[in-house]
Amino acid sequence: MAEVIKGPLWSARNWSADEGEGSIHDDATATELGFRGGTVAGDVHMNQFPPVLLRVFGKEWFERGNLSLNFKNATIDQEKVQVFAEPRKSGEDSVKVWMEREDGLQVAVGSAAIGDHSKSELRQKDYRPCDPEDLRILNRVKPGMSLGSYDIHTRTDKQYQRYDAGLISDPLPWYRKGSPWGGSVAAPCTVMEYLWGYSMNGLAPLVGDSVGLFGAIEIGFEKGPFMMSRDYHLESRVVCVGQSPQTEYVWYETDAFDYLGDRVARLLIQSRAMKASSPAYQE
């Protein structure tokens, strides 16, 4: 049996610790909600996967691959985590991937693939929504509603700063020094910065007062890579809304198109709003 492919232990950083009170990344807020401290964002953890996925799929992963993760346990600043992937079997284009904390605690589990994205970890979920009227935090968010259209330009400054400061977990030189496609490739955190960041312009005003966190993230490329210093058009929409005993959640999706109208990248994400943090759930 082939050995599992793994990356190095890496101390992921809580970049968002300075967001202030009310953020899940803030120590005081997170502790009050039962976490051990301010949490490391899911997109920070996703940065550790590409070097392993290059070993599994080669550079084609940046062209038409995906990474689909459910987050199971939160981590705090500088806790060491490690990425694992099953070897690719002959004739198969999808593998199981996961992340563990240094002590073996599972942080995330999911899949990675090239080609067909329809059978990914997250796209196998049951997206039948609940009635928004049953919700208190997300009751204004409706399945199918648009979260906006945006024309963007991918600036290099923030990604380069993070690369130079050693803040990108297990960084690839392609993020800073050019790539097989000519310019710099967007790291997963940068894909998230644009495809999630702009969709929040449409979503945030609809969400009631609460503390949020990522429950699941999938990034995918169709005619990639998603490059820096390029112009893209984004379209974002709600997939469904629902709830669990502790959270209300919304699934939403953003597509990025190039100037030819070809879809280059996709983001599917689940954002959770913690009921315990919302005045709507206070007796």
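Procedures and definitions
- Residues numbered from 1 in each chain as written.
- Predicted model: local features only at pLDDT ≥ 70, side-chain atom pairs only at ≥ 80, totals over all residues.
- Heavy atoms only, no water.
- Core = buried A, V, L, I, M, F, W, Y, C linked by side-chain atoms within 4.5 Å.
- Buried < 20%, exposed > 50% of the residue type's maximum accessible area, 1.4 Å probe, protein only.
- Helix = DSSP H or I, 4+ residues; strand = E, 2+ residues; numbered from the N terminus.
- Contact = heavy atoms within 4.5 Å.
- Salt bridge = Lys/Arg side-chain N within 4 Å of Asp/Glu carboxyl O.
- Arc of directions from axis to C-beta.
- Expected span 1.5 Å × (residues − 1).

This next bit is on the nonpolar core. The biggest cluster of nonpolar side chains holds 67 residues, and the ones touching the most others in it are W61, L67, V97, L195, I217, I219 and F226. If one sorts the elements of this core by residue count, helix 6 (residues 188–203) sits on top with six residues. Those residues in contact with F226, other than ones at most four positions away along the chain, are I152, T154, V185, A186, V191, L195, F221, Y232, A256, V264 and A265. One finds A216, Y249, W251 and L268 within the second-largest nonpolar core, a separate group that totals six residues.

Before going further, it helps to spend a moment on the pattern of salt bridges. Where side chains of opposite charge bring their charged atoms close, a pairing between them can arise. This model, assessed by the stated rule, comprises 20 salt bridges. The partner of K59 in a salt bridge is E63, with the nearest N and O atoms 3.4 Å apart. On the accessibility criterion, K59 (40% relative accessible area) is partly exposed. A relative accessible area of 23% places E63 in the partly exposed class. Note that R123 and E253 form a salt bridge whose closest N and O atoms lie 2.7 Å from each other. Residue R123 is located in the loop between strand 6 (106–114) and strand 7 (146–153), and its partner E253 is located in strand 10 (residues 247–257); the two are separated by 130 residues in the primary sequence. Overlapping salt bridges bring together R123, E218, E222, R237, E253, D255, R263 and R266 as one network.

Moving on, we get to the environment of L122. Locating L122 in the fold gives a position in the loop between strand 6 and strand 7. Remark: the alpha-carbon pair of L122 and Q270, spanning 148 residues in sequence, is separated by 9.4 Å. Excluding anything up to four places from it in sequence, L122 contacts S68, L69, N70, Y127, A216, I217, E218, W251 and L268.

What follows deals with helix 5 (residues 157–164). Along helix 5, the residues classified as buried are Q159, Y160, R162 and Y163. For helix 5, the angular spread of the buried residues around the axis is 165 degrees, confining them to a single face. Of the exposed residues in helix 5, those oriented more than 90 degrees away from the buried face are Q161 and D164. Looking at the buried residues of helix 5, the elements they touch are helix 6. Backbone geometry just downstream of helix 5 places G166 in the positive-phi region, at approximately 75 degrees.

Its 16 residues give helix 6 an end-to-end C-alpha distance of 21 Å, which sits within 8% of 22 Å, the value for a rise of 1.5 Å per residue. Along helix 6, the positions that sit buried rather than exposed are P188, C189, T190, V191, M192, Y194, L195, S199 and L203.

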